[in-house]
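# Structural description and commentary
One letter stands for each residue in the lines below.
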Amino acid sequence: MRIIDIVIVGGGAAGMLAAIAARESARRRRIPDKDFSIVILERNDRTGAKIRISGGGRCNVTHALEPDGLLVKGFLKKGEQRFLRHALHAFRSGELLELLYRYGVRCESRPDGKVFPVEGFTASDVAHAFERMIEERAVTIEYACTASSVERIDGIFAVTAGERTFRAASLILATGGVSYPSTGSRGDGLLFARRLGHTIVKPSPALAPVLTTDKPYSGLAGVSLRSVAFIASAGGKQVSRKGDVLFTHRGLSGPAVLSLSREVAELFRTEGSCRLFADLFTDLTQDELQELLLSEARRNGAKMVRKFLQQSPEGPPAALIPLIMRLAGIPEDVLLSGLVRGSRIMLLNTLKRFPLGSVKVVPLAEGEVSAGGVSLAEVNPKTMQSRLVPALFFAGEILDYAGEIGGFNLQAAFSTGWMAGESVVGSQ
Ligand SMILES: Cc1cc2nc3c(=O)[nH]c(=O)nc-3n(C[C@H](O)[C@H](O)[C@H](O)COP(=O)(O)OP(=O)(O)OC[C@H]3O[C@@H](n4cnc5c(N)ncnc54)[C@H](O)[C@@H]3O)c2cc1C
């Protein structure tokens with residue numbers, strides 16, 4: 001029975017980079033391609049399903065920051081930063097961009113550091129570039145090939161897919177997370193890893209919208225709150241994130257909501273319920289906001305409160321003002337000079353803690369990524385090799401990390417994939 005040198009389960013960003021790095025490493029060691037077989041098993045009939053839909057079809061391939069900055073901005077948990085540091089240094093965003101450039105995809109950095117292909121290129125062009133890299137590196141891809149079980153017998157991995165069994169000296173599991181299951185990433189690799197003895201941190205949503213039970217503002221779907229603090233509160237605990245919040249037909253989305261969704265899901269899970277709010281004047285404390293109101297009333301008492309809110313440069317969008325007035329119990333035509341102390345306090349409370357409803361669900365399937373996965377403690381961060389099973393490697397979102405929006409997740413998948421591919425050759 002033929003033994004393949006490396007079997008990679010999953011042909012996403014991580015799996016493809018692992019194959020590319022493994023071949024390059026083998027060639028550097030002057031191992032002829034025919035003497036070193038690399039096989040990717042991919043459930044779909046194409047590679048890179050998530051790359052193709054990433055960044056709204058434009059693919060935010062990476063972030064322009066150097067590795068240390070990228071870690072701090074992209075990965076909020078210290079343990080994840082520590083784990084990913086080696087991989088992000090070993091294969092940097094610059095190296096990724098150089099690789100893409102060599103295959104005809106030019107990219108540029110936006111002012112916020114997000115890197116996209118230049119005008120005229122799409123996410124499919126990025127996926128196509130990787131397909132060509134794979135082709136040139138003599139990697140076999142078994143399409144429409146779903147691995148259903150993995151065993152390790154006498155030091156050799158046996159991966160079953162339908163009627164076939166692939167035997168491998170080394171195995172890289174790069175099956176992704178569990179969100180957007182229609183792309184093929186359904187958590188199969190987590191079952192394989194568990195069966196091989198690894199601890200799996202239960203998958204949970206990240207970068208997901210938050211659906212609310214009460215939808216008092218369904219009429220506001222499409223309206224954005226700019227630079228607010230999005231707050232989730234339950235059982236005396238509170239988490240918040242600054243940024244934009246978007247009202248949708250089902251609840252809330254937008255950068256601040258997506259970014260906080262992992263913590264919201266956790267709070268909702270542990271406390272059983274979770275209330276949501278927005279601080280509409282996040283740069284001012286309640287006292288400073290009160291002082292602003294009072295000084296404006298002294299200067300311009302004949303101005304309506306409604307007008308004051310409309311004209312505040314960092315104030316709420318016009319569509320929200322009637323709601324704010326209603327929630328604060330203030331008639332529409334009240335003047336600043338007529339705002340009595342009780343009403344002023346109600347108004348301040350509403351502006352600093354505008355209610356956005358209660359969490360109904362943070363849908364795991366709808367996250368751009370999922371948190372949880374193979375426990376980082378059981379994987380060597382310098383090689384991506386299992387600390388428990390010889391010749392077993394992991395790469396990409398199957399691992400227990402989840403990055404922020406901004407190209408961080410693809411870069412982590414590329415870097416961990418690269419590192420697994422590099423290390424696997426040296427380990428044989
Ligand atoms: C809508 C959307 C937009 C996104 N946009 C961005 C973005 O712009 N920038 C960014 O940085 N990140 C983005 N992400 C996140 C990013 O795409 C992922 O984090 C990244 O693709 C993960 O790469 P991966 O290779 O680890 O896993 P995946 O890309 O999920 O690849 C896993 C592969 O394994 C295959 N597979 C799974 N199980 C099996 C099995 N049993 N047998 C055979 N094959 C199997 C799957 O079919 C899949 O092809 C986005 C995600 C989504 C869902």
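Residues numbered from 1 in each chain as written. Predicted model: local features only at pLDDT ≥ 70, side-chain atom pairs only at ≥ 80, totals over all residues. Heavy atoms only, no water.

With six of its six residues buried, strand β17 (residues 369–374) lies for the most part within the structure. The pairing of strand β10 (residues 200–206) with β17 spans five bridges and is antiparallel. Across the sheet, Ile 200 pairs through a bridge with Val 374, a residue of β17. (Buried < 20%, exposed > 50% of the residue type's maximum accessible area, 1.4 Å probe, protein only. Helix = DSSP H or I, 4+ residues; strand = E, 2+ residues; numbered from the N terminus. Pairing = 2+ DSSP bridges.)

Its domain assignment divides the chain into domain 1 (4–204 + 371–426), domain 2 (210–280 + 360–364) and domain 3 (286–356). Taken together, the contacts link 11 residues of domain 1 with five residues of domain 2. Taken over both partners, the interface formed by domain 1 and domain 2 buries close to 650 Å², and the fraction arising from carbon and sulfur atoms is 57%. Between the two partners, domain 1 and domain 2, sit one salt bridge. Its salt-bridge partner being Glu 80, residue Arg 262 comes within 2.6 Å of it at the nearest N-O pair. Of the residues assigned to the side of domain 1 that touches domain 2, the class counts are six nonpolar, two polar and three charged. (Domains from an automatic or database assignment. Contact = heavy atoms within 4.5 Å. Buried area = accessible area lost by both parts, 1.4 Å probe. Salt bridge = Lys/Arg side-chain N within 4 Å of Asp/Glu carboxyl O. Nonpolar A, V, L, I, M, F, W, Y, C, P; charged D, E, K, R; others polar.)

On to the sheet that holds strand β4 (residues 107–109), then. Picture the strands of a sheet paired through backbone hydrogen bonds; they go either parallel or antiparallel. Across the sheet, which stays open at both edges, the three strands sit in the order β3-β5-β4 with antiparallel pairing between neighbours. Both outer strands of the open sheet, β3 (62–63) and β4, are each paired with one neighbouring strand and no more. Bridge analysis of β4 against strand β5 (residues 114–117) gives three bridges, and the strand direction is antiparallel. The residue bridging Glu 108 from the neighbouring strand is Phe 116, located in β5.

Let us now look at the packing of helix α9 (residues 286–299) against helix α12 (residues 341–352). Angle between the axes and distance between the axes are the two parameters that describe a pair of packed helices. Taken N-terminus to C-terminus, the directions of α9 and α12 make an angle of 130 degrees; their axes are 10 Å apart at the nearest point. Relative to α12, the element α9 lies oblique. Crossing angle aside, the handedness with which α9 passes α12 is right-handed. Of α12, the residues touching α9 (which contributes Gln 286, Leu 289, Gln 290, Leu 293 and Leu 294) are Arg 344, Leu 347, Leu 348, Asn 349, Leu 351 and Lys 352. Split into classes, the residues belonging to the contact of α9 with α12 amount to six nonpolar, three polar and two charged. (Axes fitted to C-alpha atoms, helices over the stretch in contact; angles between N-to-C directions. Parallel < 35°, antiparallel > 145°, perpendicular 65-115°, else oblique. Left-handed = near helix turned anticlockwise from the far one by under 90°.)

Now for the site of the ligand. Taken together, 35 residues lie near the ligand, and Glu 42, Ser 185, Asp 188, Glu 397 and Leu 410 sit nearest. Ala 14 is positioned with one of its backbone polar atoms (N or O) 2.9 Å from an oxygen atom of the ligand. Within the side chain of Glu 397, one N or O atom sits 2.7 Å away from an oxygen atom of the ligand. Here the ligand has 1000 Å² of accessible area as a free molecule, and 97% of this is covered by the chains. In terms of residues, the shell around the ligand owes the most to one element, helix α13 (residues 408–426), which gives four residues. Residues that form the shell around the ligand fall into these classes: 13 nonpolar, 16 polar and six charged. (Near = heavy atom within 4 Å. Polar contact = N/O pair within 3.5 Å; in protein donor to acceptor, adjacent residues only side chain to side chain. Areas by Shrake-Rupley, 256 points an atom, 1.4 Å probe, with all protein chains shown as cover.)

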